[in-house]
Every structure is written in C-alpha cells, then in structure tokens.
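Residues per chain are reported as follows:
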Amino acid sequence: MSASPPLSEFDGRLILVTGAAQGIGAATALRLGASGARLALFDRDGDALSHTLAQLQAAGVRAQAWTVDLADAAATRAAIAEVEQDGGAIEHLAHVAGVLRTGALLDGADALADWDACMAVNARALVGIAQALAPAMARRRRGSIVVVGSNAASAPRIGMAAYAASKAAASQYLRCLALELAPHGVRCNLVSPGSTDTPMQRAFAADEAARNAILGGDAARFRLGIPLGRIAAAEDVAEAVCFLLSERARHITLHDLRVDGGATLDA
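Counting restarts for each chain, with residues numbered from 1 along the sequence as it is written. Where local features are concerned, this predicted model is filtered to residues with pLDDT of at least 70; where side-chain atom pairs are given and counted, the filter is 80 or more; whole-chain, interface and lining totals use all residues. Water and hydrogen atoms were dropped before computing side-chain values, which therefore reflect all heavy atoms in the structure.

- Identification of the protein chain as 2,3-dihydro-2,3-dihydroxybenzoate dehydrogenase from Lysobacter silvisoli is taken from an unreviewed UniProt entry.
- Check the Sequence similarities (unreviewed entry) section of the UniProt entry for the protein chain; it says "Belongs to the short-chain dehydrogenases/reductases (SDR) family." UniProt positions are given in the numbering used here, feature names are shortened, and annotations may be inferred rather than shown by experiment.

This is the structure:
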C-alpha cells in the first residue's frame with residue numbers, strides 16, 4: 001500500500017463519507033479530498049461536521065455536508081437523493097459512522113439501551129445506507145464500499161459486548177453484500193481498526209495508565225496488547241480506507257484489513 005496515493009486518484013469522483021465530523025471519518029474525508037475527490041459528508045453532529053467542511057473548503061476541496069441521523073433510514077435515503085440530485089452519482093462510500101457504549105452485560109436496562117444504540121448506528125444504519133446506494137452502483141456496474149468496523153468484531157472484550165456484537169453484525173452483513181455485488185463489478189471491504197487516537201478512544205481510555213494498559217495488555221480483562229507498541233492515528237486508518245476504495249485495490253473484495261498494530265494476532 002502506497003503511503004502517498006496519487007493526488008488525482010479520485011479526481012472528480014463523488015464519494016460519500018459518513019461519520020465525517022471527527023476522528024477516522026474526518027481524517028478519511030481529508031485524505032480523499034487531497035486525492036481529488038468531490039465529497040458528501042454525513043454526520044449527526046452538525047457543529048463538528050461544519051468544522052470538517054471548513055477544513056476541506058479551505059484546502060480547495062469540493063465538499064458539502066448534511067446533518068443526518070444514519071439510524072433513520074428514511075432520512076438517510078432522502079439525504080442521498082439530495083446529494084445525487086445536486087452532484088450526480090455517488091461512486092464510492094466510506095462508511096465510518098459508529099458509536100461506542102461500554103458496560104457489563106448484566107446491567108439490566110442500561111445493557112439493553114447500549115445494545116439498541118450500538119445496533120442502530122453500527123449495524124442497522126449500514127443496512128439502510130447500502131439499500132439506498134448499492135442498487136444504483138450495481139446497475140452502473142462500478143463502485144466500491146468500505147466500512148470501518150473494529151477488531152472487536154472478532155475478539156471478545158469485557159465491557160464491550162454491545163459494541164463488539166454490532167460490529168460483528170455489520171462485518172458479516174457487508175461480506176454477504178460483497179458476494180451479491182461482486183458479479184456487478186462493485187467491491188465491498190472492511191477496515192477493522194484497533195485502538196485509535198480519536199475522541200471515542202480518549203473517552204474510553206482517558207488517562208496515561210489506561211493507555212499503557214492498552215499497549216501492554218491486561219491479563220485480568222483477557223486483553224492482548226499491541227505488538228507495535230503504539231496507538232494508531234486516525235490517518236493510519238484513513239490510508240487503509242482510501243486504498244480499498246481505489247483502483248489500486250481493484251481485485252480485492254470481501255477483505256477485512258486489520259489496522260491494529262497486531263493486537264488481534266490476526267484472530
């Protein structure tokens with residue numbers, strides 16, 4: 001994978017980036033913009049999304065933003081229709097939006113609320129956006145979809161059952177979608193980060209001791225460490241997303257690219 005994709009790699013192509021307000025989504029939008037893409041940005045946090053949009057526009061990137069709750073399938077379809085009415089066909093999707101809820105499985109009402117929140121955003125929203133975009137990609141016989149999942153989809157985590165299960169659901173859904181779309185020339189792949197320096201991660205591991213436990217592992221929580229000895233930057237994940245969206249990955253589909261410093265030992 002090239003560390004620096006060609007500046008014109010996505011020249012003029014319209015790409016939808018969800019979860020673009022911050023973290024991996026914002027880093028992905030900035031990387032795609034630097035490679036010539038036109039961008040449609042979705043996030044439910046309108047204030048933070050406007051900051052990403054301002055960064056892109058200051059760099060001369062053609063971009064627009066929509067405040068959308070992706071858990072609302074009807075609102076998602078309406079926003080996509082508006083994007084395509086104004087800008088033409090969406091050729092690629094980088095689906096980065098996600099939420100993290102933590103807590104013990106047996107915490108009653110809290111556990112159920114966490115389950116519903118994670119499933120709504122991390123899993124069900126993917127189904128809604130795929131149904132809105134994929135049929136047109138199949139008819140055009142071109143396009144690519146990359147979903148940012150998590151290495152928690154394949155490795156159990158204490159206190160993260162709802163998150164891990166929702167990411168596993170999204171992963172298997174995307175792999176099934178990839179099989180259906182492959183005969184139509186549309187590729188679907190996953191990027192599965194581990195611990196990444198984003199606002200979500202900093203809320204989960206707020207101090208140096210917690211970060212050191214992530215790097216070194218925690219036997220009491222049955223958690224392996226990170227062999228490369230660093231927490232990823234959002235840009236590390238964005239690079240993987242852009243690669244899989246691009247023609248450089250034209251013969252890759254159904255793939256799950258781990259960007260976790262070896263934390264899951266390729267489980």
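1. Considerations on the packing of aromatic side chains
No. 1: Pairing of aromatic rings covers Phe, Tyr and the six-membered ring of Trp, with a centre-to-centre limit of 6.5 Å; geometry is then stacked below 30 degrees between planes, edge-to-face above 60, and tilted otherwise. Within the structure shown, the criterion is met by one aromatic pair.
No. 2: Considering the side-chain rings of F42 and W66, the 6.1 Å spacing of their centres and the 65 degrees angle between planes classify their relative orientation as edge-to-face. Remark: W66 occurs in strand β3 (residues 63–67) and F42 occurs in strand β2 (residues 38–43); sequence separation between them is 24 residues. In this pair, the class of F42 matches that of W66, namely buried. Going along the chain from the N terminus, every DSSP run of H or I of four or more residues is numbered as a helix, and every run of E of two or more is numbered as a strand. Burial here depends on accessible area, computed with a 1.4 Å probe over protein chains only, as a share of the maximum for the residue type. Under 20% is buried, over 50% is exposed, and the range in between is partly exposed.

2. Concerning unusual backbone geometry
No. 1: For R141, which is not glycine, the phi dihedral falls at a positive 60 degrees.
No. 2: Looking at the element boundaries, R141 is found in the loop between α4 (109–140) and β5 (144–148).
No. 3: A positive phi angle is found at L254, which is not glycine, with a value near 65 degrees.
No. 4: Secondary-structure assignment places L254 in the loop between α8 (234–245) and β9 (256–259).
No. 5: With relative accessibility at 29%, the residue L254 sits in the partly exposed group.

3. Notes on the UniProt feature "domain: Ketoreductase" (unreviewed entry) in the protein chain
No. 1: Per the UniProt record, "domain: Ketoreductase" (unreviewed entry) is found at residues 13–196.
No. 2: Between the first and last C-alpha atoms of residues 13–196 the distance is 28 Å; the span itself is 51% helix and 18% strand.

4. Re the pattern of salt bridges
No. 1: Any carboxyl oxygen of Asp or Glu within 4 Å of a side-chain nitrogen of Lys or Arg constitutes a salt bridge here. For the structure shown, the criterion picks out five salt bridges.
No. 2: Close ionic contact of E239 with R31 constitutes a salt bridge, the shortest N to O distance being 3.1 Å. Residue E239 is located in helix α8, and its partner R31 is located in helix α1 (residues 23–34); the two are separated by 208 residues in the primary sequence.
No. 3: Using a relative accessible area of 18% as the deciding quantity, one classes E239 as buried.
No. 4: With its nearest N and O atoms 3.1 Å apart, the salt bridge here joins R230 to D236.
No. 5: On the basis of relative accessible area, R230 is assigned to the partly exposed category, the value being 44%.
No. 6: Since its relative accessible area comes to 28%, D236 is described here as partly exposed.

5. Notes on the sheet that holds strand β6 (residues 187–193)
Either a parallel or an antiparallel arrangement is found when strands of a sheet pair, and the pairing is made through backbone hydrogen bonds.
No. 1: The seven strands lie next to each other as β3-β2-β1-β4-β5-β6-β9, forming an open sheet whose pairing is parallel. The open sheet terminates on both sides in strands that have one partner only, identified here as β3 and β9. Strand-to-strand, the axes of this sheet are offset by a mean angle of 15 degrees, without reference to chain direction.
No. 2: Strand pairing is assigned whenever DSSP detects at least two bridges linking the two strands. Pairing between strand β1 (residues 14–18) and strand β4 (residues 92–95): four bridges, direction parallel. Across the sheet, L16 pairs through a bridge with L93, a residue of β4. Lines fitted to C-alpha atoms define the axes, with helix axes restricted to the stretch in contact, and inter-axis angles between N-to-C directions lie between 0 and 180 degrees.

6. Observations concerning the side chain of H92
No. 1: If you trace the backbone, H92 turns up in strand β4.
No. 2: Judged by relative accessible area, which is 3%, H92 ranks as buried.
No. 3: Within the structure, H92 has its side chain in polar contact with the side chain of S144 (distance 2.6 Å).
No. 4: Every residue pair with non-hydrogen atoms within 4.5 Å of one another is taken to be in contact. Setting aside residues no more than four positions away along its own chain, H92 makes contact with F10, R13, L14, I15, L16, M137, G143, S144 and L245. Contacts described as polar in this section are N or O atom pairs within 3.5 Å, which, within protein, must combine one atom able to donate a hydrogen with one able to accept it, while residues neighboring in sequence count only if both atoms come from side chains.

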